[in-house]
Amino acid sequence: MLLQKSRKIVFKFGSSTLANTGGKIDFAYFNDFAAECAALLQSGKHVVIVSSGAQAAGLSTMQRFERKKDIHYRQALCAVGQVELMTSWQKAFSVHGIHVAQILLTRDDFRDKSRTLNMRNTIFTLIDEGIIPIINENDSVCVEEIKIGDNDTLAAQSAILWSADLLVLFSDIDGLFDKNPNTNNDAVFIETVTDIDSLQSTISTEGTGFFGTGGVATKISAAKEALEWGIPTILTRGKPSPLTKLLAGEQRGTVFIS
């Protein structure tokens, strides 16, 4: 299996995986994944995490911001939430004697060669010291001109930057279907994708949610970007116990591989 064979792995978490049914941070999930990840590190693997969830974490603390839609309030909410998000990761991993580090990025960071080199050097140094880099978009300052747009793309770019062996996109879905399974009972699950260009011409990625912005469409694009650099991608459900189930072959997911 890809997870078993890969040494350098990027895990990307969407907000839906890190939040509970009430839309607030699921602290128990952080603890469970940290325990799984600690076992993975002990087996000699290295991990980078790309983590969404700043807004959900912010709402867990600043509930009075919940109804405010102004961009300045949303960015302020992300600024507060980023602290809560990193605190959740820090607490979960500290139980296992593992340190984490925060890296906040924008699109400009990937455009500037000097910044890109510094980012790469920082990631490699952290990994060498047994520290898990946790990457997120810098939502508190991002505007359209410098916004990456979604953390699937950020995860692919981070995997390329680090020369990862594998990208794993955790979400609230089992993987890729030929059509939206939420509205089509005859949707067929796709286990392996070897030709993304052909795939994009044969399935629909229109609409919102499952097939919209931040949904399957961006995950396919992220997988395509990673594959262009020889990095396979797995799209799979993020909870419960995803690493244990993937390693045991008990969890299905879609594998994008060349």
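The model shown is predicted, which means the values in this text are computed figures rather than measured ones.

Cut-off values and rules
- Residues numbered from 1 in each chain as written.
- Predicted model: local features only at pLDDT ≥ 70, side-chain atom pairs only at ≥ 80, totals over all residues.
- Heavy atoms only, no water.
- Phe/Tyr/Trp six-rings, centres within 6.5 Å; stacked < 30°, edge-to-face > 60°.
- Helix = DSSP H or I, 4+ residues; strand = E, 2+ residues; numbered from the N terminus.
- Buried < 20%, exposed > 50% of the residue type's maximum accessible area, 1.4 Å probe, protein only.
- Pairing = 2+ DSSP bridges.
- Core = buried A, V, L, I, M, F, W, Y, C linked by side-chain atoms within 4.5 Å.
- Contact = heavy atoms within 4.5 Å.

1. Observations concerning the packing of aromatic side chains
For step 1, the next point in the chain: Overall, the coordinates contain 12 aromatic pairs when judged by the stated rule.
For step 2, the next point in the chain: Between Phe13 and Trp89 the ring centres are 5.4 Å apart and the planes differ by 55 degrees, which places this aromatic pair in the tilted class. Remark: Trp89 occurs in helix α5 (residues 71-94) and Phe13 occurs in strand β1 (residues 8-13); sequence separation between them is 76 residues.
For step 3, the next point in the chain: Classification of Trp89 by relative accessible area gives buried; the value is 0%.
For step 4, the next point in the chain: Between Phe177 and Phe189 the ring centres are 5.2 Å apart and the planes differ by 70 degrees, which places this aromatic pair in the edge-to-face class. In this pair, Phe177 is assigned in strand β6 (residues 176-177) and Phe189 in strand β7 (residues 189-190), connecting sequence segments 12 residues apart. Both residues of the pair, Phe177 and Phe189, belong to the buried class.

2. As for the pairing of β1
For step 1, the next point in the chain: Taking burial as the measure, the 6 residues of β1 include 6 buried ones, the bulk of the element.
For step 2, the next point in the chain: With 6 bridges connecting them, β1 and strand β2 (residues 46-51) associate as parallel partners. Within the sheet, the bridge partner assigned to Phe11 lies in β2 and is Ile49.
For step 3, the next point in the chain: Two elements, β1 and strand β5 (residues 166-171), share 5 bridges in a ladder whose sense is parallel.

3. A short note on the nonpolar core
For step 1, the next point in the chain: Core analysis: the biggest nonpolar cluster contains 37 residues, and Leu167, Leu176 and Phe256 have the highest contact counts within it.
For step 2, the next point in the chain: Taken together, the elements giving at least two residues each to this core come down to β2, β3 (100-105), α7 (113-128), α8 (151-162), β5, α9 (196-202) and α10 (216-227).
For step 3, the next point in the chain: When sequence neighbours within four positions are dropped, the list of residues in contact with Leu167 reads Val10, Ala155, Ala156, Ala159, Ala226, Ile231, Pro232, Thr233 and Ile234.
For step 4, the next point in the chain: Of all hydrophobic cores here, the second largest spans 31 residues; its members include Leu3, Ile9, Tyr29 and Leu246.

4. Re the environment of Glu191
For step 1, the next point in the chain: With respect to the secondary-structure elements, Glu191 resides in the loop between β7 and β8 (192-193).
For step 2, the next point in the chain: Each C-alpha atom of the pair Glu191 and Thr254 lies 4.5 Å from the other, and the pair is 63 residues apart in sequence.
For step 3, the next point in the chain: If we skip the residues at most four places from it in the chain, Glu191 touches Gly253, Thr254 and Val255.

So far we have only geometry, and geometry alone does not tell us how the molecule works.
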